[in-house]
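Descriptive structure summary
Below, each chain spelled out in residue letters.
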Amino acid sequence: MPANFSLSHPPFVSWCPAGEGPSISSVVTGADSRGRQALERKKSVTFHDGVKPGVETVPSMAATVAATNIMSSLKLRANETDTDQVSLFKPETLTTPELEEKLRQLKDPGEPPIEFRIHSNLTVISKIVDDFDCFLTRNGGHCWIFSTRGLCTVAQDELIFIFNENINSANDIITDLLIHIHQIYIDATKGSFVRHLGLSLLSNSSTLLGSSTAMGFLYVSDPTSQYNLFPEAPYVFGILIHRLELPTAQCFPMRLLLRLGYEYQSYPWPLFSVCDRNSMFSDTQHTIMSLLCDFRSFTYVLPIIRSLTISVGIQGSVSIRIPRNRHDDILKALEQSSPHALSFGIMNVNREIHSKHLVTMQNSADQQYETHLLSSLTPNAEHIRIGGNFLVINASLRSRDSPSSSPLDTQNSGSFSLQNNLNAKVNAIEDGIMLQIDGDALKILKQCLKERKDYAILAKARSIFVEEQNDSRNENVMKRSSSEQLVEFLWIDDDNDINRGVRSPIDHFPMDGIRNSRIHYAGQRSSLFRLRWTDLFFIECLLNSNESFDPTRLADSLAKAFTQALTPFIDMLVEAKYRKLGLRVTIDRENASYIAGSNGEQLPPFFLSQLDDHMIPIVMKASDNVSRSAPSLVLELIFYLLD
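What comes next is a walk through the structure. None of the values given here were measured: they were computed from a predicted structure.

Details of the overall build of the protein
A tally of helices and strands in the protein yields twelve helices and 30 strands. As displayed, the protein offers around 26700 Å² of accessible surface, 48% of which is attributable to carbon and sulfur atoms.

This is the structure we're talking about:
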């Protein structure tokens, strides 16, 4: 395996891309008595998606093909579920003395966290604490934390639930939450997962956590938030939602999350839930979203673009930044749009750019939606731009090429288009931005987006900051005035905001920014344990159109060989506490090699010798099947050892 290599690969459609990454060293190379040696002859890897090294192409093609191949393979495994684990879970209701003792242990800082065992491969750690930094503890309260261990073994992110201390409903909270978590585990064994902005809803019951108004959980990813009770990344936080909030959570969850952030002074949103709280929204009839989303049958929703940002400057300028690897998502939004309008929303908040964000509240008097500002508790003077939740562009204005108007003034320069169209208007609406232009300008804008070109237009703006309205809760002053502002659409570098905090079990190599695919795979069985393949990381993967080589088939062969080699020695792996294992394979023009490890270290020679007979033939065959014109292929497979 080469001592150094860069992380350069096209992204998956559903994940962010990776940029250049750090080097990897301390890998197994050279010859040994078992033949685990680098191949001396020059080898290279090319794939079948049409991407040539050093040639600019559509960046997501390679990943799209790989993802398609994997998902096609997974469909064949749909019946390989954990039938021994999907039996109905019924936690025992605690008696009053038992509950009081549990609560005492939960509250006592000197007592360890309580472990609720759902089954042999899934447990929940719980503790009531006052030192987790959030709105609840800053106001003298406590947080009741529930953190899962074991969902990762079925390719599901671990879950964290944080509640306000609610002793009156403690029995219901414990019972209902454990049942809910177990159902998520069952769904994951069938290939259905909850991710960022995903939902898990109440089923077969009229109450959840002892509340008749709770409907389920909305999940958010925040790897920057860490605490000693949290599991190993990746994980998501479950936020309790009200029944009346379900349409908003299903169609445009970012609106609900930011509204909760405003309610509980948490930027951009709270990671905790307050049981029996009031609904943030009571209906969806008085919002512009009723025109952009189908709140009844959900036949259409507002397109959301991952890592897209909508920024408003102090003076009212508007900037829409689109990562280049989200071009396919933009094309889909264009296909779904009408000839006279275009709209899309954001999927996350970029805290490196925005320290404030637009948020909308529903007026209790007339049910109208109003615009407010949510501010970070620690605003950064360098990041004074305001984030928006969505952008609506409509051709509601008369074209300037009519007899009563002057010709449209358009300046084109390479990949940039500027329109001096003072007939255009831009303003804040609810928690988003509306741009009103004429039909000709909309056609030009859509064409620029199709061709991945930058675009800008001058428009009359009503500034967010500059009638005064005191917003006492966030201590902002919102001002409005008319001015001429620039609205720009900019294509920026590929985003790599994925897998933050994830580390390789082989050597703790950071997987930040590296795309991956989750695998639903039952694995090999022994009498007591099971070895399961859950993740495939594409550390380096550049494909060539002239090759029939398929890296996903290679990964599948490697996974089967790995499980076959180690299954007879599972008891020894358990005794050595090797529960999470990694297999990294490198094939390039110089050599081919593999390394396997766990707990941040290479597996002992005994296990490697067992792997050699299975791994070396596959690696050498893959090396023989690739051309000499492509750079290296580096894959890492993650396995879990289950009870």
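Overview of the side chain of Arg584
Here Arg584 lies in strand 27 (residues 580-587). Classification of Arg584 by relative accessible area gives buried; the value is 0%. Of note is the side chain of Arg584, whose polar atom sits 3.2 Å from the side chain of Ser504. In this structure the side chain of Arg584 is engaged in a polar contact, spanning 3.0 Å, whose partner is the side chain of Asp507.

Looking at helix 10 (residues 551-566)
Side chains that are three or four residues apart share a direction in an α-helix, a result of its 3.6 residues per turn. Along its 16 residues, helix 10 runs 22 Å from first to last C-alpha, staying within 8% of the 22 Å computed at 1.5 Å per residue. Taken as a whole, helix 10 has its buried residues at Pro551, Thr552, Leu554, Ala555, Asp556, Leu558, Ala559, Ala561, Phe562, Thr563, Ala565 and Leu566.

A look at the pattern of salt bridges
Summed over all chains, the structure comprises 21 salt bridges. For the salt bridge of Arg255 with Glu430, the shortest nitrogen-to-oxygen distance reads 2.7 Å. One end of the pair, Arg255, is in helix 6 (residues 253-263); the other, Glu430, is in the loop between strand 18 (425-429) and strand 19 (432-438), with 175 residues separating them in the sequence. For the pair shown, Arg255 and Glu430 are each scored as buried. Asp495 is the salt-bridge partner of Arg326, the closest N and O atoms lying 3.3 Å from each other. Asp495 shares its class with Arg326; the two are buried. Connected via shared salt-bridge partners are Glu101, Arg104, Asp108 and Glu111.

Examining the state of the cysteines
Following the criterion strictly, the structure yields zero disulfides and no others. Cysteine Cys143 is unpaired, with the sulfur of Cys134 as its nearest cysteine sulfur at 3.2 Å.

Comments concerning the pairing of strand 3 (residues 143-149)
Along a regular strand, successive side chains alternate from one face of the sheet to the other. Burial of strand 3 is extensive: six of the seven residues sit out of reach of the surface. For strand 2 (residues 122-129) and strand 3, the ladder comprises seven bridges, and the chain directions are antiparallel. The partner of Lys127 across the bridge, within strand 3, is Ile145. Examined bridge by bridge, strand 3 and strand 4 (residues 158-164) share five bridges and lie antiparallel to one another. Paired with Cys143 across the strands is Asn164, a residue of strand 4.

Here's the deal with helix 6
Within helix 6, ten of the eleven residues are buried, which leaves it mostly tucked inside the rest of the structure. Among all positions in helix 6, only Pro253, Met254, Arg255, Leu256, Leu257, Leu258, Arg259, Leu260, Gly261 and Tyr262 are buried. Immediately downstream of helix 6, the backbone of Gln265 shows phi near 50°, a positive value.

Rules used in this analysis
- Residues numbered from 1 in each chain as written.
- Predicted model: local features only at pLDDT ≥ 70, side-chain atom pairs only at ≥ 80, totals over all residues.
- Heavy atoms only, no water.
- Helix = DSSP H or I, 4+ residues; strand = E, 2+ residues; numbered from the N terminus.
- Areas by Shrake-Rupley, 256 points an atom, 1.4 Å probe, with all protein chains shown as cover.
- Buried < 20%, exposed > 50% of the residue type's maximum accessible area, 1.4 Å probe, protein only.
- Polar contact = N/O pair within 3.5 Å; in protein donor to acceptor, adjacent residues only side chain to side chain.
- Expected span 1.5 Å × (residues − 1).
- Salt bridge = Lys/Arg side-chain N within 4 Å of Asp/Glu carboxyl O.
- Disulfide = S-S within 2.5 Å.
- Pairing = 2+ DSSP bridges.

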